[in-house]
Amino acid sequence: MVLLHVLFEHAVGYALLALKEVEEISLLQPQVEESVLNLGKFNNVVRLVAFCPFSSSQVALENANAVSEGVVHEDLRLLLETYLPSKKKKVLLGVGDPKIGAAIQEELGYNCQTGGVIAEILRGVRLHFHNLVKGLTDLSACKAQLGLGHSYSRAKVKFNVNRVDNMIIQSISLLDQLDKDINTFSMRVREWYGYHFPELVKIINDNATYCRLAQVIGNRRELNEEKLEKLEELTMDGAKAKAILDASRSSMGMDISAIDLINIESFSSRVVSLSEYRQSLHTYLRSKMSQVAPSLSALIGEAVGARLIAHAGSLTNLAKYPASTVQILGAEKALFRALKTRGNTPKYGLIFHSTFIGRAAAKNKGRISRYLANKCSIASRIDCFSEVPTSVFGEKLREQVEERLSFYETGEIPRKNLDVMKEAMVEAEEAAAEITRKLEKQEKKRLKKEKKRLAALALASSENSSSTPEECEEASEKPKKKKKKQKPQEVPQENGMEDPSTSFSKPKKKKSFSKEELMSSDPEETTGSPSLPKRKKSSPKEETVNDPEEAGNRSVSKKKRKFSKEEPVSSGPEEATSSKSSSKKKKKFRKEAQED
C-alpha cells in the first residue's frame, strides 16, 4: 500500500502531512473538495506528521530562494529523510511546485506528484495551517508571510550598480523632454525679442545661441563696436557678428521698455541654463551607455541605443527580443494599422534615427534596416550576458554594417561573419586581460596603501605606549639637574651657622661640586691653606650644637662629594658603606688632633 504525504512550504517552516490511502483519496476527490472548508472533516483526511520551523528570517529567505529555484535545501532534505519511511517505493510525496518535485525525486529518490487532489489538499492546508500547528496563530502566520515576502522581493531586485539600465531609461526620457521644452521656450524668446529686434531671427538659427545673444545685446540701440568681440565669441563667426551690428543700426523693430527687457533677459537666462544642463545630461548618458551597453552604443550610437533600451523596458528585455521585433521597435502603431488595413508593414522603427539607414539608397533602406536590426540584437545580447563589458564586438559589428552598405552600392563582397567574430574574440580576450590587469593593479595599490596605513597606526600606538615611562624618567631627571646647579651656592651656608634641620637634610643628596669647594672641604688635602684653622675652630662649635649622628652624616656627604668629583659614575651599595666607614675614621683622627 502506497502512503501519501504532502509537503507544505510556509513562511514559518516546512510541514509534512500524512493522508489516507491514495486510492481512497483519489476516488473521493469531490468529498475532499467539500471537506476543505470544514476543519473537522479536513482533520479526518489530513494528519500533521512533522513541522520544521525556521530558526531566523535569513534561513527562511534562503529556503524560499531554494524552493523557487528548484533546489533541495539542507533543512528540507533533513526533514524528508527523518520523517518519511525508509522504503521509498511505498511513499508518494505530493508537492505544489513541479520544479521542487523533480529535484526531490532526482536527489532523494521519492516519487512526487503534483496537481489533481494534491492542489485541493494544499489549499485546505493553507487555509487551516494555523490550526494544524500548535502555538501558531493566524496573526503571527500573516506577519511571517509579510516579512518573508518583503525580504524575498528585496533579494530578487539585487543588481550591479555599475551596470544598471534604469538610469539610462530615465536619462533618455528626460533628454527628449528637455529637447521639446528648450524648443518651445526658444520659440517664445524669438517671438518676444523679435518685436524689438526682428532681423536677429534670420541671422541666427541656433536656439541656444539666439538666447545668449538676446542676453548680451539687450537694447539694440546700445549695441556698438565695443560689443563686437563678444558677439564674435558667441557666434564664432566674424561675418555674422558684423551683420548683427549693421542690422541693429537699421532695424525696423519697436522700442522696448526697461522692465520688458529685464523679463526677456531673465527668461533667456533660464533657457540658456536648460540648454547647458541638456549638454551635461547627454555627457552623463554617454558615460552610462559605455558602462552598461558598450557594444550597442558603438554600433548604433548612444542616443538610439538608449531609446531602444527604454522602449524595451530593460537591456535584458531587449536581448530577449528577436531581430524582427528590434527592427520595428517604436513603430507598433504603424504595424497594427497596416495589419488592420492589409497595407504594407513598416520597415523600421527607432533604428531609423541611425546614420546607416539615412545613407542607404531608397531601394536598400529595408534591406539595411533588417541587417542592422540583426546586428543590434547580437550586440544587446553580448552586452547583457558578458561578464566584462567591452566595445570590441560593437566596433566589429559596425564594420560589418559599413561593408554591407558598400556592397549594396559598389558590389564589393564583405567578409564572412565567422572570420569577423574570430577576430573580435581575440581582441576581446586581450581587452579583458588588460582590464583584469588594471583591476589587479588597482587592488594591489589599495592593499599597499591599507598596509602602510595600518603600519603607521601600529607604530604610532607603540610610540605612545613606550613614551610614557621615558617621559616619567626625563621628568624625574630634570629637577635633579637643577638642584645640582643650585647646590654650590648652599655650601658656604653649611660651613656657617645653620639650623640643624637644614644641615641634616641637605648632605644626604649626592651632588657634584667644583674643585675648590672639594679641596676646601677635605682637611687632608688642604693642610697648608690659611683658611684651615678657621674651619677647625668653627667645627667644634658645630659639633657641640649638632648630634654625633649629624656629624657623621656631614662627613658622609663630604666624602660623597669627593667621590662624585673623582668618579662620576655612582658605585654600588658596597662602595657606599666602605666610604662611610673611612669617613668616620678620618673624623676621629681630626677630633684627636683638635684635642691635642
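An unreviewed UniProt entry lists the chain under the name Nucleolar protein 56, from Cebus imitator. Taken directly from UniProt, the Sequence similarities (unreviewed entry) text for the chain runs: "Belongs to the NOP5/NOP56 family."

Each helix and strand counted, the chain has 28 helices and five strands in total. Counting across all 596 residues of the chain, residues that qualify as buried make up 36%. Sequence-distant contacts, at least 24 apart, represent 68% of the contacts inside the chain between residues at least 6 apart. Accessible surface, the chain as shown: approximately 36300 Å² in total, 54% of it carbon and sulfur.

Next up on the list: a negative patch on the surface. Taken together, the side chains of Glu229, Glu232, Glu233 and Asp237 present a region of like negative charge at the surface. Looking at the element boundaries, Asp237 is found in the loop between helix H12 (228–235) and helix H13 (238–249). With relative accessibility at 32%, the residue Asp237 sits in the partly exposed group.

It is worth spelling out the pairing of strand E4 (residues 91–94) at this point. Of the two faces of E4, the one carrying Val91 and Leu93 and the one carrying Leu92 and Gly94 are both buried. For strand E1 (residues 3–9) and E4, the ladder comprises four bridges, and the chain directions are parallel. Within the sheet, the bridge partner assigned to Val6 lies in E4 and is Gly94. As judged from the three bridges shared by E4 and strand E5 (residues 111–113), these two strands associate in the parallel manner. When the bridges of E5 are listed, Leu92 appears paired with Asn111. Handedness of the crossover joining E4 and E5 through helix H6 (residues 98–107) is recorded here as right-handed.

Here we come to the environment of Ala103. Counting through the fold element by element, Ala103 comes out in helix H6. Between the alpha carbons of Ala103 and Val72 there is a distance of 6.5 Å; along the sequence they are 31 residues apart.

This part is about helix H22 (residues 392–410). In this model, H22 (19 residues) spans 27 Å end to end at C-alpha, consistent with the 27 Å of a helix rising 1.5 Å per residue. Residues Val392, Phe393, Gly394, Lys396, Leu397, Gln400, Val401, Leu405 and Tyr408 constitute the buried set of H22. Count one or two residues on from H22 and you reach Gly411, which has phi positive near 90°.

This paragraph deals with the sheet that holds strand E2 (residues 13–19). Either a parallel or an antiparallel arrangement is found when strands of a sheet pair, and the pairing is made through backbone hydrogen bonds. If you trace the five strands from one edge of the open sheet to the other, you get E3-E2-E1-E4-E5, paired in mixed fashion. Each edge of the sheet is formed by a strand with only one pairing partner; in this case those strands are strand E3 (46–53) and E5. Taking the axes of each pair of neighbouring strands and ignoring which way they run, one obtains an average angle of 25° across the sheet. Direction of pairing for E2 relative to E3: antiparallel, over a ladder of seven bridges. Counterpart to Leu16 in the pairing with E3 is Ala50. On the sheet, H6 packs against E1, E4 and E5 and is oriented at approximately 170° with respect to E5. Where helix H7 (residues 117–132) meets the sheet, it contacts E1, E2, E3, E4 and E5, and its direction lies at approximately 60° from that of E1.

Orientation of helix H4 (residues 57–69) relative to helix H8 (residues 138–156), taken along the N-to-C sense of each, is 65°, at an axis distance of 10 Å. Viewed along their axes, H4 and H8 form a crossing whose handedness is right-handed. For the pair H4 and H8, the contacting residues are Ala60, Leu61, Ala64, Asn65, Ser68 and Glu69 in the first and Leu148, Ser151, Tyr152, Ala155 and Lys156 in the second. Class assignment for the residues of the contact of H4 with H8 results in six nonpolar, three polar and two charged.

Take the pattern of salt bridges next. If you walk through the whole model with that rule in mind, you get 18 salt bridges. The closest approach of N and O atoms between Asp179 and Arg278, which form a salt bridge, is 2.7 Å. With Asp179 in helix H9 (residues 166–194) and Arg278 in helix H14 (residues 258–292), this residue pair connects regions lying 99 residues apart in the sequence. In this structure, a network of salt bridges that share partners links the residues Lys396, Glu399, Glu403, Arg415, Glu423 and Glu427.

Of the residues in the chain, 74% reach a pLDDT of 70 or more, and the chain-wide mean stands at 78. Scored below 50 in pLDDT, residues 477–577 shows 83 contacts in the model against residues more than four places distant or in partner chains.

What follows deals with the UniProt feature "coiled-coil region" (unreviewed entry) in the chain. Taking the UniProt record as the reference, the feature "coiled-coil region" (unreviewed entry) is found at residues 418–457. Helix makes up 100% of residues 418–457 and strand 0%, whereas the separation of the span's terminal C-alpha atoms amounts to 58 Å.

Unlike most non-glycine residues, Met236 shows phi in positive territory, near 55°. Relative to the helices and strands, Met236 is located in the loop between H12 and H13. Given the relative accessible area of 75%, Met236 is considered exposed. Despite not being glycine, Arg342 has its phi angle at roughly 60°, a positive value. Relative to the elements of secondary structure, Arg342 occurs in the loop between helix H19 (332–341) and helix H20 (355–359). Using a relative accessible area of 80% as the deciding quantity, one classes Arg342 as exposed.

Analysis parameters
- Note that residues are indexed from 1 along each chain, following the sequence as it is written.
- Side-chain atom pairs in this predicted model are given and counted only at pLDDT of 80 or more, local residue features only at pLDDT of at least 70, and totals for whole chains, interfaces and linings cover all residues.
- With hydrogens and water excluded, all non-hydrogen atoms of the structure serve as input to the side-chain values.
- UniProt positions are given in the numbering used here, feature names are shortened, and annotations may be inferred rather than shown by experiment.
- Under the scheme used here, helices are H or I runs from DSSP no shorter than 4 residues and strands are E runs no shorter than 2 residues, and both carry numbers assigned from the N terminus.
- Three exposure classes are used, based on accessible area relative to the maximum for each residue type with a 1.4 Å probe and protein chains only: buried under 20%, partly exposed in between, and exposed over 50%.
- The contact definition used throughout considers only heavy atoms, calling two residues in contact when any of these lie within 4.5 Å.
- Residue exposure ignores everything except the shown protein chains as possible cover, and the areas themselves are Shrake-Rupley values with a 1.4 Å probe.
- To count toward a patch, a residue needs a relative accessible area over 30% and no salt bridge; like charges are then connected within 9 Å, while nonpolar side chains (Val, Leu, Ile, Met, Phe, Trp, Tyr) are connected within 5 Å.
- What makes a salt bridge here is a side-chain nitrogen of Lys or Arg within 4 Å of a carboxyl oxygen of Asp or Glu, nothing more.
- In this tally Asp and Glu are treated as negative and Lys and Arg as positive; neither His nor the chain ends contributes.
- Charge positions are represented by NZ for Lys, CZ for Arg, CG for Asp and CD for Glu.
- A pair of strands is labelled paired if DSSP reports no fewer than 2 bridges between them.
- Crossover handedness is defined here as right-handed if the route from the first strand over the helix to the second strand goes clockwise, with the strands pointing away from the viewer.
- For a helix, the expected span equals 1.5 Å multiplied by the number of residues minus one.
- Angles here are taken between N-to-C directions and fall from 0 to 180 degrees, while the axes themselves are lines fitted to C-alpha atoms, restricted in helices to the stretch in contact.
- Note: crossing handedness is left-handed where the near helix turns anticlockwise from the far helix by less than a right angle, and right-handed where it turns clockwise.
- Side-chain classes follow a simple rule in which Ala, Val, Leu, Ile, Met, Phe, Trp, Tyr, Cys and Pro form the nonpolar group, Asp, Glu, Lys and Arg form the charged group, and the remainder, Gly included, forms the polar group.
- The quantity called pLDDT is the predictor's confidence in a given residue, expressed from 0 to 100.

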